[in-house]
Amino acid sequence: MLELPTNRLQSLHQPSKQLLLHKVPIRFPVPSNLMESIETLMFINDALISLVDDLPSDALINATPLNRVDSHQARTAVVLTFDTEQTRNRVLRAIRERRANTAILREANFYFTDMPR
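Residues numbered from 1 in each chain as written. Predicted model: local features only at pLDDT ≥ 70, side-chain atom pairs only at ≥ 80, totals over all residues. Heavy atoms only, no water.

Chemist: Lay out the overall build of the chain in plain terms, naming residues and giving numbers.
Modeler: In terms of helices and strands, the chain carries 3 helices and 4 strands. A buried classification covers 39% of the 117 residues belonging to the chain. Long-range pairs, those at least 24 residues apart, make up 70% of the contacts in the chain between residues at least 6 apart in sequence. Carbon and sulfur atoms form 52% of the exposed surface of the chain, whose accessible area is close to 7,400 Å². (Helix = DSSP H or I, 4+ residues; strand = E, 2+ residues; numbered from the N terminus. Buried < 20%, exposed > 50% of the residue type's maximum accessible area, 1.4 Å probe, protein only. Contact = heavy atoms within 4.5 Å. Areas by Shrake-Rupley, 256 points an atom, 1.4 Å probe, with all protein chains shown as cover.)

Right under this line is the structure:
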């Protein structure tokens, strides 16, 4: 069994490093870390790149379903955990800038939100 280093385990539970990505496609069985699912990881990467095109490849350290996923679900909300709070804030700024810019066509197949407090 692969064990995460202690500092990485702590970072998985820090809302200051997390954002929610909604409408992420999933397949069963759903792994606990969705980064193990190639299709899901590609969707997440495409969503992030649509906001920040020069995001380092190791900026995202974990992606887990927000809630329990039922077998009939095709999409779910995913908690994205970033390497640092600065990376998360950079993505969040890009999200806010995109929302403020009405000239940019809105993506209908996914959206980001901040973690609920």
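Now, onward.
Chemist: So, the sheet that holds strand β1 (residues 18-25): which residues are in play, and what are the values?
Modeler: With antiparallel pairing, 4 strands are arranged side by side in an open sheet as β2-β3-β1-β4. Here the strands that pair on one side only, and so sit at the sheet edges, are β2 (60-65) and β4 (111-114). On average, adjacent strands in this sheet sit at an angle of 30 degrees to one another, irrespective of strand direction. Inspection of the sheet shows β2 paired to strand β3 (residues 75-82) by 5 bridges, in the antiparallel sense. Bridging from a neighbouring strand, Thr 64 pairs with Val 79 of β3. Its contacts with the sheet place helix α2 (residues 38-49) against β1, β2, β3 and β4, and it is angled at close to 120 degrees to β1. Along the sheet, helix α3 (residues 85-100) contacts β1, β3 and β4; its crossing angle with β4, the most-contacted strand, is approximately 120 degrees. (Pairing = 2+ DSSP bridges. Axes fitted to C-alpha atoms, helices over the stretch in contact; angles between N-to-C directions.)

Chemist: Let's hear about the pattern of salt bridges: which residues, and what values?
Modeler: Going through the model one piece at a time under the given rule, you end up with 4 salt bridges. Arg 68 serves as the salt-bridge partner of Asp 70, at 3.3 Å between the closest nitrogen and oxygen. Take Arg 68: its relative accessible area is 72%, and that puts it in the exposed class. Across the salt bridge formed by Arg 88 and Asp 114, the nearest N and O atoms sit 2.3 Å from each other. Note that Arg 88 is positioned in helix α3 and Asp 114 in strand β4, a separation of 26 residues in sequence. For Arg 88, a relative accessible area of 5% corresponds to the buried category. (Salt bridge = Lys/Arg side-chain N within 4 Å of Asp/Glu carboxyl O.)

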